[in-house]
Amino acid sequence: KAGVTQTPRYLIKTRGQQVTLSCSPISGHRSVSWYQQTPGQGLQFLFEYFSETQRNKGNFPGRFSGRQFSNSRSEMNVSTLELGDSALYLCASSLLGQHQETQYFGPGTRLLVL
Amino acid sequence: GNSVTQMEGPVTLSEEAFLTINCTYTATGYPSLFWYVQYPGEGLQLLLKATKADDKGSNKGFEATYRKETTSFHLEKGSVQVSDSAVYFCALRSVIQGAQKLVFGQGTRLTINP
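Bear in mind that the values here come from a model prediction, so they are computed numbers and not experimental data.

K.L.:
Which parts of the structure should I look at to understand the overall build of chain B?
P.N.:
If you tally the helices and strands in chain B, you get 0 helices and 12 strands. Computed over C-alpha atoms, the radius of gyration of chain B comes to 14 Å, within 12% of the 13 Å expected from 2.2 N^0.38 for 114 residues, which places it in the range of a compact globule. Taking the principal axes of the C-alpha coordinates as reference, chain B spans close to 50 × 30 × 20 Å. Looking at the 114 residues of chain B, the share that counts as buried comes to 46%. Taking as baseline every contact in chain B between residues at least 6 positions apart, the subset at least 24 positions apart corresponds to 56%. Per element, the accessible surface of chain B, about 5400 Å² overall, is 48% carbon and sulfur. Charged side chains in chain B number 10 positive and 10 negative. The centres of these two groups are separated by 9 Å.

K.L.:
Just checking my understanding: could you explain the pairing of strand β5 (residues 42–50) of chain A for this structure?
P.N.:
A regular strand carries its side chains on alternate faces of the sheet. Residues and elements named next belong to chain A. Counting buried positions along β5 yields 8 of 9 residues, so the element is predominantly enclosed. Summarising the sheet, strand β4 (residues 31–38) and β5 pair through 8 bridges and their orientation is antiparallel. Across the sheet, Thr38 pairs through a bridge with Gly42, a residue of β5. Linkage of β4 to β5, two consecutive antiparallel strands, is achieved through a turn of 3 residues. Where β5 lies against strand β6 (residues 53–57), 4 bridges are found, and the strand directions are antiparallel. Note that in β6 the partner of Phe47 across the bridge is Lys57. The hairpin formed by β5 and β6 contains 2 residues between the paired strands, and Ser51 there has a positive phi angle of roughly 45 degrees.

K.L.:
Looking at this model, I keep getting lost on the interface of chain A and chain B. Mind explaining?
P.N.:
By convention, interface size is frequently given as the accessible area that disappears when the constituent parts associate. The partner chain B presents 23 residues to the 23 residues of chain A that form the contact. A buried area of about 1800 Å², summed over both sides, lies between chain A and chain B, and 49% of it is on carbon and sulfur atoms. When the buried area of chain A at its contact with chain B is split by residue, Leu43, His99 and Phe105 of chain A rank highest and sum to 32% of it. Counting every contact that joins chain A to chain B gives 0 salt bridges. Counting across the interface, chain A meets chain B through 6 residue pairs in polar contact (both at pLDDT 80 or more). Of all the secondary-structure elements, those providing two or more residues to the side of chain A that touches chain B are β4, β5, β6 and β9 (87–94) of chain A. Per-class residue counts for the side of chain A that touches chain B are 7 nonpolar, 12 polar and 4 charged.

K.L.:
Before we go on, may I ask you to explain the pairing of strand β7 (residues 56–59) of chain B in this structure?
P.N.:
Residues and elements named next belong to chain B. Relative to strand β8 (residues 62–65), β7 runs antiparallel, the two being bridged by 4 bridges. In the sheet register, Ser58 faces β8, and the bridge partner there is Glu63. Between β7 and β8, which pair antiparallel in sequence order, lie 2 residues; one of them, Lys60, sits at a positive phi of approximately 55 degrees.

K.L.:
For this particular structure, what's the right way to read the side chain of Ser72 of chain B?
P.N.:
All names here are of chain B. With respect to the helices, strands and loops of the structure, Ser72 is situated in the loop between β8 and β9 (75–77). Within the local environment of Ser72, its side chain forms a polar contact with the side chain of Thr70, the two groups lying 2.8 Å apart. Discounting chain neighbours no more than four positions away, the residues touching Ser72 are Cys23, Thr24, Tyr25, Leu33, Thr65, Tyr66 and Arg67.

K.L.:
Just checking my understanding: could you explain the pattern of salt bridges for this structure?
P.N.:
Think of it this way: side chains of opposite charge can pair up when their charged atoms draw near. Taken as a whole and judged by the stated rule, the model has 8 salt bridges over all chains. Notably, a salt bridge pairs Glu75 of chain A with Arg73 of chain A, separated by 3.3 Å at the nearest N-O pair. Notably, a salt bridge pairs Lys77 of chain B with Asp84 of chain B, separated by 2.8 Å at the nearest N-O pair. Asp84 of chain B shares its class with Lys77 of chain B; the two are buried. Each of Arg63, Glu82 and Asp85 of chain A takes part in one network of salt bridges that share partners.

K.L.:
I would appreciate a short explanation of the sheet that holds strand β8 (residues 74–78) of chain A in the present structure.
P.N.:
One key point about sheets: their strands pair by backbone hydrogen bonds, in either a parallel or an antiparallel sense. Residue and element names in this part refer to chain A. With antiparallel pairing, the 4 strands of this open sheet are ordered in space as β1-β3-β8-β7. Every other strand in the sheet has two partners, leaving β1 (5–7) and β7 (64–68) as the edge strands with one partner each. Within the sheet, the average angular offset between the axes of one strand and its neighbour, ignoring direction, is 20 degrees. By the bridge criterion, 3 bridges tie β1 to strand β3 (residues 19–24) in an arrangement that is antiparallel. By the bridge assignment, Thr5 is partnered in β3 with Ser24.

Procedures and definitions
Residues numbered from 1 in each chain as written. Chains lettered and ligands numbered in written order. Predicted model: local features only at pLDDT ≥ 70, side-chain atom pairs only at ≥ 80, totals over all residues. Heavy atoms only, no water. Helix = DSSP H or I, 4+ residues; strand = E, 2+ residues; numbered from the N terminus. Rg over C-alpha atoms; globule rule 2.2 N^0.38 Å. Buried < 20%, exposed > 50% of the residue type's maximum accessible area, 1.4 Å probe, protein only. Contact = heavy atoms within 4.5 Å. Areas by Shrake-Rupley, 256 points an atom, 1.4 Å probe, with all protein chains shown as cover. Lys, Arg positive; Asp, Glu negative; His and termini not counted. Charge placed at Lys NZ, Arg CZ, Asp CG, Glu CD. Pairing = 2+ DSSP bridges. Buried area = accessible area lost by both parts, 1.4 Å probe. Salt bridge = Lys/Arg side-chain N within 4 Å of Asp/Glu carboxyl O. Polar contact = N/O pair within 3.5 Å; in protein donor to acceptor, adjacent residues only side chain to side chain. Nonpolar A, V, L, I, M, F, W, Y, C, P; charged D, E, K, R; others polar. Axes fitted to C-alpha atoms, helices over the stretch in contact; angles between N-to-C directions.

Structure follows, in structure tokens:
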């Protein structure tokens, strides 16, 4: 079974631009979560989607948004990029998003904002 | 709120040494507990998990026991190898009213010297 895939793997943008990252979960998984990893803040939760609905959102500004499609694939968008948005963005999937389930992570998209 | 505290790194050991990485947590309810490992340039891989008190998770020689009385989930390995060099993250996962997320510790960088 294929793992979680994320595209693109690397991205360079300039301040003020917007970016869209994509995540394909493991086949059959309906819950997709996004995390931001930075050296200063560590791993922080962005949001979780289940059946095309956002179920939970972390403490990030409205510039960060996401969506999920009917095939469970998910995208996240960051508008008006700032230097501080440079990070590794990780996507994780699980079957139903229940607390005993394991979340499986993708390799991440490394975003550099210049 | 929920939080995870890991021992400060970096940790440097010689091959075949005994490893302990401390992890304590604060949470409402009964969270599931996880250890993830991150190798350079990669995403997170699940190392082991425990879903209820006194459960012991184990994988690849690593072990951790869910101790509710001390709110701890310390990672141990009897004899480390150079290939164990990575960053280790302790995490908890709780689901409240259908909304779930992983809360991570700050990570512990482990280096094993031959």
